[in-house]
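For reference, the chains in residue letters:
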Amino acid sequence: MENQTFEVIGACKINDKWEPYRRVVGAPNENQAREKILADIGSKHRLKRSYITIKTVNVVAGE
């Protein structure tokens, strides 16, 4: 299965403040793109999933 490119927009709670983020990630489908973002941000900032929100997941055009 080919990977698609997804743009994920959301916010994460760092130091009692919700910080917005916009990440582009490659994944086979939308659910795996969500999982990858949750894992990456959680690992990098030591956050639980309840402190990470995902507002939108869009397929990037041109793929």
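Provided above is the structure to which this section pertains.
This write-up is about the structure you can find in this document.

Parameters at a glance
Here the residue index of a chain counts from 1 through its sequence in written order. Thresholds applied to this predicted model are a pLDDT of at least 70 for local features of residues and 80 or more for the giving and counting of side-chain atom pairs; totals over whole chains, interfaces and linings are not thresholded and use all residues. Excluded from the side-chain calculations are hydrogens and water; all other atoms, namely the structure's heavy atoms, are used. The pairing criterion for strands is at least two bridges between them, as found by DSSP. The way it works is that DSSP assigns letters per residue, a run of H or I at least four long becomes a helix, a run of E at least two long becomes a strand, and they are numbered from the N terminus. Angles run from 0 to 180 degrees between N-to-C directions of axes, and those axes are lines fitted to C-alpha atoms, restricted for helices to the stretch in contact. Between two residues, a contact is recorded if the distance between any of their heavy atoms is within 4.5 Å. Residues belong to one nonpolar core when they are buried, are Ala, Val, Leu, Ile, Met, Phe, Trp, Tyr or Cys, and are joined through side-chain atoms within 4.5 Å. Summary of the burial criterion: residues with accessible area below 20% of their type's maximum are buried, those above 50% are exposed, and those between are partly exposed, where the area comes from a 1.4 Å probe applied to protein chains only.

Here we look at the sheet that holds strand 1 (residues 4-14)
Pairing between the strands of a sheet is mediated by backbone hydrogen bonds and can be parallel or antiparallel.
Line of reasoning, step 1. An order of 2-1-3 is seen for the three strands of this open sheet, with the pairing classed as antiparallel. The open sheet has two free edges, formed respectively by strand 2 (17-27) and strand 3 (52-59), since each of these has just one partner strand. Between one strand axis and the next, the sheet turns by 20° as a mean value, whatever way the strands run.
Line of reasoning, step 2. The pairing of strand 1 with strand 2 spans eleven bridges and is antiparallel. Paired with Gly 10 across the bridge in strand 2 is Tyr 21.
Line of reasoning, step 3. Relative to the sheet, helix 1 (residues 30-45) contacts strand 1, strand 2 and strand 3, its axis offset from that of strand 2 by approximately 130°.

Things to note about the pairing of strand 1
Line of reasoning, step 1. Connecting strand 1 to the antiparallel partner strand 2 that follows it, the hairpin turn spans two residues, and Asn 15 within it adopts a positive phi of roughly 55°.
Line of reasoning, step 2. Bridge analysis of strand 1 against strand 3 gives seven bridges, and the strand direction is antiparallel. Paired with Phe 6 across the two strands is Val 59, which belongs to strand 3.

Some details on the nonpolar core
Line of reasoning, step 1. In terms of nonpolar packing, the biggest core is built from 14 residues, with Val 8, Tyr 21, Ile 41 and Ile 52 touching the most fellow members.
Line of reasoning, step 2. The set of elements that each furnish at least two residues to this core consists of strand 1, strand 2, helix 1 and strand 3.
Line of reasoning, step 3. At four residues, the largest contribution of residues to this core is made by helix 1.
Line of reasoning, step 4. Beyond its immediate sequence surroundings of up to four residues, Val 8 is in contact with Tyr 21, Arg 22, Arg 23, Val 25, Ile 37, Ile 54, Thr 56 and Val 57.

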